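# Understanding the architecture of this molecule
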Number of protein chains: 2
Amino acid sequence: MTVTIYDVAREAGVSMATVSRVVNNNPNVKPATRKKVYEAIERLGYRPNAVARGLASKKTTTVGVVIPDISNAIFAEVARGIEDIANMYHYNIILCNADKKKDKEIRVINTLLEKQVDGLLFMGGAVTEDHLVAFRTANVPIVLCATSDENDQIPSVDINHEEAAYDAVMKLISQGHRRIAMISGTLQDPANGFARFQGYKRALEQAGITYDDTLVRIGNYRYESGVEAMKYFIELPERPTAVFSATDEMAIGAIHCIQDSGLTVPGDFSVISVDNSRMASMVRPQLTAVAQPMYDIGAVSMRLLTKLMKKENVEQSKVLLPHEIVVRQSVGGVQA
Amino acid sequence: MTVTIYDVAREAGVSMATVSRVVNNNPNVKPATRKKVYEAIERLGYRPNAVARGLASKKTTTVGVVIPDISNAIFAEVARGIEDIANMYHYNIILCNADKKKDKEIRVINTLLEKQVDGLLFMGGAVTEDHLVAFRTANVPIVLCATSDENDQIPSVDINHEEAAYDAVMKLISQGHRRIAMISGTLQDPANGFARFQGYKRALEQAGITYDDTLVRIGNYRYESGVEAMKYFIELPERPTAVFSATDEMAIGAIHCIQDSGLTVPGDFSVISVDNSRMASMVRPQLTAVAQPMYDIGAVSMRLLTKLMKKENVEQSKVLLPHEIVVRQSVGGVQA
DNA sequence: CTGTTAGCGCTTTCAA
DNA sequence: TTGAAAGCGCTAACAG
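None of these values were measured; they are calculated from a predicted model. Each residue is numbered by its place in its chain's sequence as written, counting from 1. Chain letters and ligand numbers both follow the written order, the letters beginning at A and the numbers at 1. Selection of residues for local features in this predicted model requires a pLDDT of at least 70, selection of side-chain atom pairs for listing and counting requires 80 or more, and totals for whole chains, interfaces and linings are taken over all residues. To obtain the side-chain values, all non-hydrogen atoms of the structure were used and water was disregarded.

## Points about the sheet that holds strand β10 (residues 288–291) of chain B
Residues and elements named next belong to chain B. Paired strands, in this sense, are two strands between which DSSP finds at least two bridges. In this description a helix means any DSSP run of H or I spanning at least four residues, a strand means any run of E spanning at least two, and both kinds are numbered starting from the N terminus. The strand order β7-β6-β8-β9-β10-β12 describes an open sheet built from six strands, whose pairing is mixed. For this open sheet the edge positions go to β7 (216–218) and β12 (324–326), each flanked by a neighbour on one side alone. Along the sheet, successive strands turn relative to each other by an average axial angle of 20°, direction set aside. Its contacts with the sheet place helix α9 (residues 190–206) against β6 (180–184), β7, β8 (242–245) and β9 (270–275), and it is angled at close to 170° to β6. In this fold helix α11 (residues 248–260) packs onto β6, β8, β9 and β10, with an angle of close to 165° to the strand it touches most, β9. Fitted lines through C-alpha atoms give the axes, limited to the stretch in contact for helices. The angle between two N-to-C directions lies from 0 to 180 degrees. We call two residues in contact whenever any of their non-hydrogen atoms come within 4.5 Å of each other.

This is the structure:
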């Protein structure tokens, strides 16, 4: 039924070793022989069995990527960076969605490891002790991508989320805002949640503004939670004049909530966020945001992983990529 | 280094066959033995090698999913449906992005087949002769998901794109619009492109409106191309009063273009599209759209694939799911 | 430059 | 209920 390397060998009148060589581009084959083999392959429609190959060679040329939420545009862009570099180095990638659920993440990591991937890229989300346990039992390299673990035990590439948030809030402060609200992600999320919240607080402190926890709402990164949070802020007796959102999508929810209430951006409220996804331009007014280099985060982490898989030694295993602020139209000076 | 089934067998004082049985939940194992084996597994931290297992059993319990564009929200939602059902039937899925490039699609299909997936789900995009060739050489079942081939040779699940488009345009016509523009996808794309364009034409014809090709622009499904197309329509000497967009994202681009020109929706232009992605609510005015049941398309196609993989016989191999129109705020009556 | 021959780690008859 | 043993399709020494 299925044609194997053995069938090809017979058809071409050579040994399977020779067929294996031509399939793997081993230079030690006489051109004439190579041609014969290729013809046999063609004639028989031979397709190498990657499973058998993986078992024999103990390499699958496949890296597993766990993505916390496939419907999040940020991760999609990171994935694109991962892919391009993976292709460049002739690795296949298998993407596994984990639905933002910790237990599913662990499950997926183990599945990937059972499938004998040559390396693992773990994207986004919190890295808990359970993750670390799963990682430790892996005997392939692992790189964290757009996240990092608390003690920097695992190689990672990311931006400095705390600083990105700090910069965003500072932008608001530089425009004269003093009463600045925040729509945060869950504080359990070290990167998009906790770190950005810390940056927010530091900026306030720096500017001598006392932190007020009535000005902070926790969202779930979805549009609707941005709407909800903003609704709350608008109803506050003493409204903020600016809002810092941990992510673009919630920021857009906030903008629409403001507009639906008959108020304006940036007239009544300035809005800024961290991410700068494609969405930032897909709203009116367009969103001012601190940009994280999603594609690069993916590309660099994949590149790091290839080095690790080839056992090249790497200078630094924790890399922080630069971020920058992209000014559009959602931030203005404070109302007179 | 790595612990194998043989190590576990020795540690537990049984044969590898027995270990294999407990790992695979074969009932023919005495509970006491089973317990011993589990303990040995625990003690050694044994993780079954899926590659070896796949080679021996000729099954990988894995299905390959090729997704044309990972950054497209529609496909993300379909993928979610696929996943849920896959998990339910204990299949792993490996997602491969094909970047909307035909040659990459073919490459990815072949890679997946080499990896010995038990089935293949091909999402979106055109199904060309080259695809069919790759599919034919596969000896595992394949189902098309959110697309279909010209002659319905391959099992598929989708909506009736032609009818969906027809319904959308009819909605516009019922509101009194006669001069209706379309932002189409490429006509090479059978589903989102060609079929929706056909539906547009049929609706016009039905209403006795003569088709005018200056009112059709081809976009690439991106926001920016919606903006471009709309810019063109606005500058037309004889402007349309309504716009039908093949997809949500282009529709949103069109809406913003209208607003940026100082015009309004639905005052100056009504806008309608097919998709009804999450984005449809993330714009002001909110987008009226014909909803395709993305999640269901994914779920049903995966369910169909499981049947095919188990060689159960299926009644119909081409299933069309129903669509419906979701009225929001972007469509109004024609100006007096 | 090419062939022979062990495995890779597991499943699966077949016997016991 | 358990074990022995034969592969699954391929790679990788090693020999020639």
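From this point, things continue past the structure.
## Here we look at a nonpolar patch on the surface
Residue and element names in this part refer to chain A. Taken together, the side chains of Leu187, Phe194 and Ile218 make up a nonpolar region of the molecular surface, amounting to roughly 270 Å² of accessible area. By the element assignment, phenylalanine 194 lies in helix α9 (residues 190–206). Three labels apply to residues, based on accessible area from a 1.4 Å probe with only protein chains included: buried if under 20% of the type maximum, exposed if over 50%, partly exposed otherwise in between. A residue is classified by how much of its surface remains accessible, and phenylalanine 194, at 40% relative accessible area, is partly exposed. Each patch is assembled from residues with relative accessible area greater than 30% and no salt bridge, linking like charges that lie within 9 Å and nonpolar side chains (Val, Leu, Ile, Met, Phe, Trp, Tyr) that lie within 5 Å. With residues, only the protein chains shown are counted as cover, and all accessible areas are computed by Shrake-Rupley using a 1.4 Å probe. Think of a salt bridge as a Lys or Arg side-chain nitrogen and an Asp or Glu carboxyl oxygen that are within 4 Å of each other.

## Topic: the protein's contact with DNA strand C
In the vicinity of DNA strand C, 26 residues are found, and the nearest of them are Thr18, Arg21 and Thr33 of chain A together with Ile5 and Tyr46 of chain B. One heavy atom within 4 Å of a molecule or strand is enough for the residue carrying it to be called near that molecule or strand. At the protein interface, 61% of the atoms of DNA strand C within 4 Å belong to sugar or phosphate. A 3.5 Å cut-off defines polar contacts: any pair of N or O atoms within that distance qualifies, except that in protein one atom must be a possible hydrogen donor and the other a possible acceptor, and neighbouring residues in sequence count only when both atoms are side-chain atoms. Between DNA strand C and the protein, one listed contact pairs a phosphate oxygen with a side-chain N or O atom of threonine 18 of chain A at 2.6 Å. Contact between DNA strand C and asparagine 49 of chain B: a phosphate oxygen at 3.1 Å from a main-chain N or O atom of the residue.

## Quick notes on the domain arrangement of chain A
All names here are of chain A. Domain extents, as shown, originate in an automatic or database domain assignment. The domain boundaries assigned to chain A delineate domain 1 (5–48), domain 2 (60–158 + 294–321) and domain 3 (161–291). Centre-to-centre separation of domain 2 and domain 3, based on C-alpha positions: 29 Å. Taken over both partners, the interface formed by domain 2 and domain 3 buries close to 680 Å², and the fraction arising from carbon and sulfur atoms is 54%. Sorting the residues of domain 2 by area buried against domain 3 places Ile74, Lys100 and Met294 first, and these three jointly supply 38% of that buried surface. Applying the counting rule to domain 2 against domain 3 returns zero salt bridges. Applying the counting criterion to the domain 2 and domain 3 interface returns one residue pair in polar contact (both at pLDDT 80 or more). By buried area we mean the combined loss of accessible area, with a 1.4 Å probe, across both parts when two parts are placed together.

## Some words on the interface of chain A and chain B
Listed per partner, the contact involves 50 residues of chain A and 50 residues of chain B. Carbon and sulfur atoms make up 50% of the area that chain A and chain B hide from each other, which totals about 4,500 Å². Our count for the chain A to chain B interface comes out at ten salt bridges. Among the ionic pairs, arginine 284 of chain A bridges to aspartate 260 of chain B, the shortest N-O distance being 2.9 Å.

## Overview of the protein's contact with DNA strand D
Near DNA strand D there are 27 residues, and of these Ile5 and Tyr46 of chain A together with Thr18, Arg21 and Thr33 of chain B occur at the shortest range. The sugar-phosphate portion of DNA strand D accounts for 62% of its atoms within 4 Å of the protein, the bases making up the rest. Threonine 33 of chain B places a polar side-chain atom, nitrogen or oxygen, 2.3 Å from a phosphate oxygen of DNA strand D. Elements represented by at least two residues in the surface near DNA strand D include exactly α2 (16–23) and α4 (50–57) of chain A together with α2 (16–23) and α4 (50–57) of chain B. Any residue outside Ala, Val, Leu, Ile, Met, Phe, Trp, Tyr, Cys, Pro, Asp, Glu, Lys and Arg is labelled polar, Gly included; the first ten of those are nonpolar and the last four are charged. Looking at the surface near DNA strand D residue by residue, the classes come out as twelve nonpolar, ten polar and five charged.

## Thoughts on the pattern of salt bridges
Enumeration according to the criterion identifies 34 salt bridges over all chains in this entry. In this structure, aspartate 69 of chain B engages lysine 100 of chain B in a salt bridge whose closest nitrogen and oxygen atoms are separated by 3.8 Å. Note that aspartate 69 of chain B is positioned in the loop between β1 (62–67) and α5 (73–88) and lysine 100 of chain B in the loop between β2 (92–97) and α6 (102–114), a separation of 31 residues in sequence. Overall, aspartate 69 of chain B belongs to the buried group, its relative accessible area being 6%. Judged by relative accessible area, which is 44%, lysine 100 of chain B ranks as partly exposed. Connected via shared salt-bridge partners are Asp69, Asp99, Lys100 and Lys101 of chain A together with Arg80 of chain B.

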